[in-house]
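As a plain string of letters, each chain reads:
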Amino acid sequence: LLDFNVVQNGKFSTTGDWTLGTGWSITGGVASKAAGVASGLQQGNGSLTENNTAYVVTYSVSGRTAGTALVYLAGGVGTLRSANETYTETITALASIYDISLDANATFDGDIDNFSVRKSTNSLPTGFKPKKVWAGGILQTEGTDFDVTYDGFIYGISFFIEPATNVQVEGVLS
């Protein structure tokens, strides 16, 4: 239930698609940051994302021994991360400013890889709150089969197990 990846070169095979802040480098298929200065790794100029739209952001952190990193997506803010693992989070793009930024604090030292940002097709029109959801013709149960999320702008549906068949939603404008 995800759209295409809006990130160019999320596997960091070249440096051309990214703006590298102080301490960042791209070599060996990863983006690496050395400790010393808080800075970011950025891409886009406000044309990659759509306002008030949910995106699923995935990336891997490895080789980190200190510090924290955080994804900003067109004004939307992700979760502060401080461990070596692969993260997936949903962030709503809020404005047509720089599109994608992974910012790290001064003590962060580590690598970033497999960075993707995909428009979530689970986003619903602004003000539309789901009441009933069907997958494969079967009525789903909120809290058992799916959760309804609301970020202050958009309601979304998060399935506990992604349905393999067509999803239909019935709801109300709030």
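Quick summary incoming for the structure in this document. Since the model is a prediction, treat every value here as computed from it, not as a measurement. The residue count restarts for each chain, going from 1 along the sequence in the order it is written. With pLDDT at 70 or above as the cut-off, local features in this predicted model cover only qualifying residues; side-chain atom pairs require 80 or more to be listed or tallied, and sums for whole chains, interfaces and linings still use all residues. To obtain the side-chain values, all non-hydrogen atoms of the structure were used and water was disregarded.

1. Some points on the overall build of the protein chain
Check the secondary structure of the protein chain and you find 0 helices and 16 strands. Here the protein chain holds 174 residues, and 40% of them are scored as buried. Residue pairs in contact within the protein chain that sit at least 24 positions apart in sequence constitute 68% of those at least 6 positions apart. As displayed, the protein chain has an accessible area near 8,600 Å², and 51% of this comes from carbon and sulfur atoms. Numbering of helices and strands runs from the N terminus; a helix is a DSSP stretch of H or I covering at least four residues, while a strand is a stretch of E covering at least two. Burial classes: relative accessible area under 20% of the type maximum marks a residue as buried, over 50% as exposed, and values in between as partly exposed (1.4 Å probe, protein chains only). Contacts are residue-level and defined by heavy atoms, with any inter-residue pair within 4.5 Å sufficient. In short, Shrake-Rupley with a 1.4 Å probe defines the accessible areas, and a residue's cover is counted only from the protein chains shown.

2. Description of the pattern of salt bridges
A pair is scored as a salt bridge if a Lys or Arg side-chain nitrogen falls within 4 Å of a carboxyl oxygen belonging to Asp or Glu. Tallied over the entire structure, the rule returns 1 salt bridge. For E89, the salt bridge goes to R81, with nearest N and O atoms at 3.6 Å. Its relative accessible area of 7% is what places E89 among the buried residues. By relative accessible area, which is 16% here, R81 ends up buried.

Functional significance is not addressed by these values, which are geometric in nature.
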